[in-house]
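Chain residues, written in single-letter form:
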Amino acid sequence: AADLPHVSPDDPTAKALGYVEDANTTKDAKRKAGDACANCQFYSGGASGYGPCQLFPGKSVNAKGWCVSHSKKA
Ligand code: SF4
């Protein structure tokens, strides 16, 4: 299946959540080492590339990305 449109870091929701395409580039102290979309419970894509996030309906986020709503998969 084709990727959903990628979330733009300029998207208002992305800005509100501090979303970045590369988790390592965030300056947010809430991000713990190793946290990324790929291991977030809201993410349903593969280990690399882009995949859906429940917080961004109709869009896809970077597996290596991150935002303040990150919650580790159980
Ligand atoms: Fe990535 Fe999780 Fe934030 Fe969605 S909620 S953008 S999967 S860290």
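Residues numbered from 1 in each chain as written. Predicted model: local features only at pLDDT ≥ 70, side-chain atom pairs only at ≥ 80, totals over all residues. Heavy atoms only, no water.

(A) Quick look at the packing of aromatic side chains. A complete count under the given rule lists one aromatic pair for this structure. Centre to centre, the rings of Tyr-19 and Phe-56 are 5.9 Å apart; their planes meet at 55°, and the pair counts as tilted. Taken together, the residues Tyr-19 in the loop between helix 1 (12-17) and strand 1 (50-52) and Phe-56 in the loop between strand 1 and strand 2 (60-62) connect sequence positions 37 residues apart. Across this residue pair, the class does not change: Tyr-19 and Phe-56 are buried. (Phe/Tyr/Trp six-rings, centres within 6.5 Å; stacked < 30°, edge-to-face > 60°. Helix = DSSP H or I, 4+ residues; strand = E, 2+ residues; numbered from the N terminus. Buried < 20%, exposed > 50% of the residue type's maximum accessible area, 1.4 Å probe, protein only.)

(B) Spatial organisation of the pattern of salt bridges. Per the counting criterion, the structure on display carries three salt bridges. As a salt-bridge pair, Asp-28 and Lys-30 come within 3.8 Å of each other at their nearest N and O atoms. By relative accessible area, Lys-30 is classed as exposed at 54%. (Salt bridge = Lys/Arg side-chain N within 4 Å of Asp/Glu carboxyl O.)

(C) A look at the side chain of Asn-62. Checked against the element boundaries, Asn-62 lands in strand 2. Among the polar contacts made by the side chain of Asn-62, one reaches the side chain of Tyr-50 at a distance of 3.4 Å. For Asn-62, the contacting residues outside a window of four places in its chain are Tyr-19, Glu-21, Cys-37, Gly-49 and Tyr-50. (Polar contact = N/O pair within 3.5 Å; in protein donor to acceptor, adjacent residues only side chain to side chain. Contact = heavy atoms within 4.5 Å.)

(D) Spotlight on the environment of Cys-53. The topology assignment puts Cys-53 in the loop between strand 1 and strand 2. Sequence-wise, Cys-53 and Tyr-43 are ten residues apart; in three dimensions their C-alpha atoms are separated by 4.5 Å. Apart from residues lying up to four places away in sequence, Cys-53 is in contact with Phe-42, Tyr-43, Lys-59 and Val-61.

(E) Here's a closer look at the environment of Asp-22. Assignment of secondary structure puts Asp-22 in the loop between helix 1 and strand 1. Under the relative-accessibility criterion, Asp-22 is labelled partly exposed at 32%. Within polar-contact distance, the side chain of Asp-22 engages the backbone nitrogen of Asn-24 at 2.9 Å.

(F) View of the nonpolar core. In terms of nonpolar packing, the biggest core is built from twelve residues, these being Val-7, Ala-14, Leu-17, Tyr-19, Cys-37, Cys-40, Tyr-43, Cys-53, Phe-56, Val-61, Ala-63 and Cys-67. Setting aside residues no more than four positions away along its own chain, Ala-14 makes contact with Val-7, Ser-8, Pro-9, Tyr-19 and Phe-56. (Core = buried A, V, L, I, M, F, W, Y, C linked by side-chain atoms within 4.5 Å.)

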